[in-house]
Amino acid sequence: MSNPQIDLAVIGGSGLYDFPGLQNASRHAVDTPYGPASGKVVVGDFAGRRVAFLARHGESHSLPPHRVNYRANLWALHHLGARKVVGVNAVGGIRADMGPRAIVVPDQVIDYTHGRATSFCDVDGAEVRHIDFSEPYTGSLRQELLAAARHAGVAAIDGGCYGATQGPRLETRAEIARMRRDGCDLVGMTGMPEAALARELDLAYACLALVANFAAGCGDEAEISIEEIFAHLAAATARVPPIVAGLLKS
Ligand code: HPA
């Protein structure tokens, strides 16, 4: 069933498994040509508009980053009528001003992932599309997100390069040092191939990156604690609904 009424889709990352405040919600299990999505898409009213929400890791966080069916997720949202998608991603900060609880709207990506299904073009008979990916995120949606954060009184950093790693383990200090030399400002495990698949479907797509920790070797701690990651993430996640509300008003 397709629903052309969806104003915005939100893909929730670690720490965001449902969308607080979504009213009159209905849950849609979408049959996709790529297999099952991460779960049901929840469609409801938020800030007077129609919002679709999908938990990237499943509602009980049962899917690690390399096992997320990114193609099915984006296909399902597109099928339900979404044309604008915000991906919320937990990340580690590499740049000094991107410490725990910072919120960043990145403008570039370097993809270090491997073995993931990265394109809709790799099934027999599919049209081969070489999408332009010079700017991996939709510029107008990035600007809308930044304006929405300003309106909500939430500080958000404009720009930064997201390095997408395979996970599920965190990185070594040497890996992060290399990523820094490459120009990465943030590191996360789920930003790709999501952004590229969105572009293949002509979806407007931007990333709202929530910094959970300093990446390996970038902070004072010798080790990264998962408890701390989730505590920082919870604090940053609480600021997502006001930003989305601002986005829907723009
Ligand atoms: N590395 C990769 N992904 C992450 C991190 C990190 O340090 N923190 C949260 N997601």
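As the structure is a prediction and not an experimental result, all values here were calculated from the model. Numbers given to residues run from 1 along each chain, matching the order in which its sequence is written. Totals for whole chains, interfaces and linings use all residues, but because this is a predicted model, local features are given only for residues with pLDDT of at least 70 and pairs of side-chain atoms are given and counted only at 80 or more. Here the side-chain values reflect all heavy atoms present in the structure, with hydrogen atoms and water set aside.

Caption draft 1: Molecular detail of the site of the ligand. Every residue close to the ligand is listed here: Ala 90, Val 91, Gly 92, Leu 170, Glu 171, Val 187, Gly 188, Met 189 and Asn 213. Contact between the ligand and Glu 171: a nitrogen atom at 2.7 Å from a side-chain N or O atom of the residue. Contacts described as polar in this section are N or O atom pairs within 3.5 Å, which, within protein, must combine one atom able to donate a hydrogen with one able to accept it, while residues neighboring in sequence count only if both atoms come from side chains. Measuring from a nitrogen atom of the ligand, one finds a side-chain N or O atom of Asn 213 at 2.6 Å. Here the Shrake-Rupley method, with its probe set to 1.4 Å, supplies the accessible areas, and only the displayed protein chains count as covering residues. Here the ligand has 260 Å² of accessible area as a free molecule, and 94% of this is covered by the chains. At a threshold of 2 Å from the grid points, most atoms of the ligand map onto the largest pocket. When residues in the shell around the ligand are grouped by element, the largest group, three residues, is from strand β5 (residues 84–93). Whether a residue is near a molecule or strand depends on its heavy atoms: it is near if one of them lies within 4 Å of it. Two kinds of site are reported from a 1 Å grid over the protein atoms alone, namely cavities, where a 1.4 Å probe fits but cannot get out, and pockets, open sets with protein on both sides within 12 Å along at least five of seven lines, and residues are called lining when an atom falls within 4 Å of a point. Those molecules having more than half of their atoms within 2 Å of a cavity or pocket grid point set are described as sitting in that cavity or pocket. Only runs of H or I of at least four residues qualify as helices and only runs of E of at least two qualify as strands under DSSP, and these elements are numbered from the N terminus.

Caption draft 2: Broad picture of a nonpolar patch on the surface. For patch detection, residues must exceed 30% relative accessible area and be free of salt bridges, and they are connected within 9 Å for like charges or within 5 Å for nonpolar side chains (Val, Leu, Ile, Met, Phe, Trp, Tyr). Any Lys or Arg side-chain nitrogen located within 4 Å of an Asp or Glu carboxyl oxygen qualifies as a salt bridge. Residues Leu 170, Ile 226 and Phe 230 make up a contiguous nonpolar surface patch of roughly 230 Å² in combined accessible area. Its location among the elements puts Phe 230 in helix α5 (residues 226–237).

Caption draft 3: Structural detail: the nonpolar core. Take the buried residues of types Ala, Val, Leu, Ile, Met, Phe, Trp, Tyr and Cys, join any two whose side-chain atoms come within 4.5 Å, and each joined set is a nonpolar core. Buried means the residue's accessible area, taken with a 1.4 Å probe over protein chains only, is under 20% of the maximum for its type, while exposed means over 50%, and partly exposed covers the values in between. Among the nonpolar cores identified, the biggest contains 41 residues, and Val 41, Leu 74 and Leu 77 are the most heavily contacted of them. Of all the elements in the fold, those that place two or more residues in this core are β1 (8–12), β3 (41–46), β4 (49–55), α1 (70–79), β5, β9 (161–164), α4 (194–200) and β11 (204–214). If we skip the residues at most four places from it in the chain, Leu 74 touches Ile 11, Phe 120, Glu 194, Leu 197, Ala 198, Leu 201 and Leu 203. Any pair of residues with heavy atoms lying within 4.5 Å of one another is described as a contacting pair.

Caption draft 4: Spotlight on the layout of surface pockets. Grid points are joined across faces, edges and corners, and a volume is the space filled by probe spheres set on the points. The volume enclosed by the largest pocket comes to roughly 390 Å³. As for the largest pocket, its lining consists of 28 residues, of which Ser 14, Ala 90, Leu 170, Met 189 and Ile 229 are closest to the centre. If you list the elements that add at least two residues to the lining of the largest pocket, you get β5, β10 (186–188), β11 and α5. At five residues, the largest contribution of residues to the lining of the largest pocket is made by β5.

Caption draft 5: Region of interest: the packing of helix α2 (residues 139–151) against helix α6 (residues 240–249). Two elements in contact, α2 and α6, have axes separated by 8 Å at closest approach and are oriented at 120°. What the angle tells us is that α2 and α6 run oblique. Crossing of α2 over α6 shows right-handed handedness. Between α2 and α6, the residues in contact are Leu 141, Glu 144, Leu 145, Ala 148 and Ala 149 and Ile 243, Gly 246 and Leu 247, respectively. In this count, Pro and Cys sit with the nonpolar residues alongside Ala, Val, Leu, Ile, Met, Phe, Trp and Tyr, while Asp, Glu, Lys and Arg are called charged and the others, Gly among them, polar. Tallied by class, residues from the contact of α2 with α6 come to six nonpolar, one polar and one charged. Note on method: axes are straight lines fitted to C-alpha atoms, helices fitted across the in-contact stretch only, with angles between N-to-C directions ranging 0 to 180 degrees. Roughly parallel means an angle under 35 degrees; roughly antiparallel means over 145; roughly perpendicular covers 65 to 115; every other angle is labelled oblique. Less than a right angle of anticlockwise turn of the near helix away from the far helix marks a crossing as left-handed, whereas a clockwise turn marks it as right-handed.

Caption draft 6: Spotlight on α1. In terms of burial, α1 is a largely internal element, seven of the 10 residues being buried. Summarising the contacts, the buried residues of α1 are in contact with β1, β3, β4, β5 and α4. Following α1 by one or two positions, Gly 81 adopts a phi angle in the positive range, close to 110°.

Caption draft 7: Just the packing of aromatic side chains, in detail. A pair of Phe, Tyr and Trp rings is counted when the ring centres sit within 6.5 Å of each other, with Trp represented by its six-membered ring. The angle between the planes then sorts it: under 30 degrees is stacked, over 60 is edge-to-face, the rest tilted. In this structure the tally under the stated criterion is four aromatic pairs. A ring pair is formed by Phe 19 and Phe 53, whose centres lie 6.0 Å apart and whose planes are at 50°; its orientation type is tilted. Highlighted residues: Phe 19 in the loop between β1 and β2 (23–28) and Phe 53 in strand β4, separated in sequence by 34 residues. Residue Phe 19 is classed as buried on the basis of its relative accessible area of 6%. Using a relative accessible area of 2% as the deciding quantity, one classes Phe 53 as buried.

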